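Residues per chain, in single letters:
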Amino acid sequence: MARKFHKPIRTCIVCRGKFTQSELVRLQCQERQLISFTSQGRSFYICKECTNDEKKCAKSLARVCKSGELGKLMYKLREIIIDGR
Ligand SMILES: [Zn+2]
């Protein structure tokens, strides 16, 4: 039996689905604002499919970042995704 290369599996905070890291966007909250992961502190993941579902995504982000500014959070999310390409 061939050994499979181990890929770390992470959970999307929006849909709770399990994905490999390449299918996810890694994010972080700093002072209630969304930023891309800085390699320090706590981070979380959102799958690429959920990033297209603004309503669901905004709700989860608001919860994680403890921010009510949904528009601002979604704007930052778009920025981070575009930058990461
Ligand atoms: Zn998801």
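Predicted model, so just to flag it, every value in this text is computed and none were measured.

### Overview of the state of the cysteines
- For the structure on display, the rule yields one disulfide.
- Covalently, C29 is tied to C65 through a disulfide, its sulfur atoms 1.7 Å apart. On the sign convention where negative means left-handed, the S-S torsion of about -40 degrees between C29 and C65 marks this disulfide as left-handed. Of this pair, C29 sits in strand β3 (residues 24-30) while C65 sits in helix α2 (residues 54-65), and the two are 36 residues apart along the sequence.
- Residue C29 is classed as partly exposed on the basis of its relative accessible area of 25%.
- Given the relative accessible area of 4%, C65 is considered buried.

### Topic: unusual backbone geometry
- In this structure, R16 is a non-glycine residue whose phi angle is positive, near 65 degrees.
- Checked against the element boundaries, R16 lands in the loop between β1 (9-11) and β2 (18-20).
- Unlike most non-glycine residues, S39 shows phi in positive territory, near 75 degrees.
- For S39, the location among the structural elements is in the loop between β4 (33-36) and β5 (44-47).
- Judged by its relative accessible area of 57%, S39 is exposed.

### Some words on the nonpolar core
- Within the largest apolar cluster, 23 residues are counted, with the highest numbers of intra-cluster contacts made by C12, L27, L34, I46, L61 and L77.
- When contributions to this core are tallied by element, the ones reaching two or more residues are β3, β5, α2 and α3 (70-83).

### Describing the coordination of the zinc ion
- Taken together, the protein donors to the zinc ion comprise C12 (SG), C15 (SG), C47 (SG) and C50 (SG), at separations of 2.3 Å.
- For the zinc ion, the four donor atoms in the first shell make angles of 100 to 119 degrees at the metal, so the coordination geometry reads as tetrahedral.
- Judged by relative accessible area, C12 falls into the buried class, the value being 0%.

### Here's the deal with the environment of T20
- Its place among the elements puts T20 in strand β2.
- T20 sits eleven residues away from I9 along the chain, and the two C-alpha atoms are 4.7 Å apart.
- The residues touching T20, leaving out its near neighbours within four places in the chain, are K7, P8 and I9.

Definitions and cut-offs
- Residues numbered from 1 in each chain as written.
- Predicted model: local features only at pLDDT ≥ 70, side-chain atom pairs only at ≥ 80, totals over all residues.
- Heavy atoms only, no water.
- Disulfide = S-S within 2.5 Å.
- Helix = DSSP H or I, 4+ residues; strand = E, 2+ residues; numbered from the N terminus.
- Buried < 20%, exposed > 50% of the residue type's maximum accessible area, 1.4 Å probe, protein only.
- Core = buried A, V, L, I, M, F, W, Y, C linked by side-chain atoms within 4.5 Å.
- Donors = N, O, S within 2.8 Å, 3.2 Å for Na, K, Ca; no water.
- Tetrahedral: all angles 85-135°; square planar, octahedral: opposite > 155°, others 65-115°.
- Contact = heavy atoms within 4.5 Å.

That's the geometry; what it means functionally is another story.
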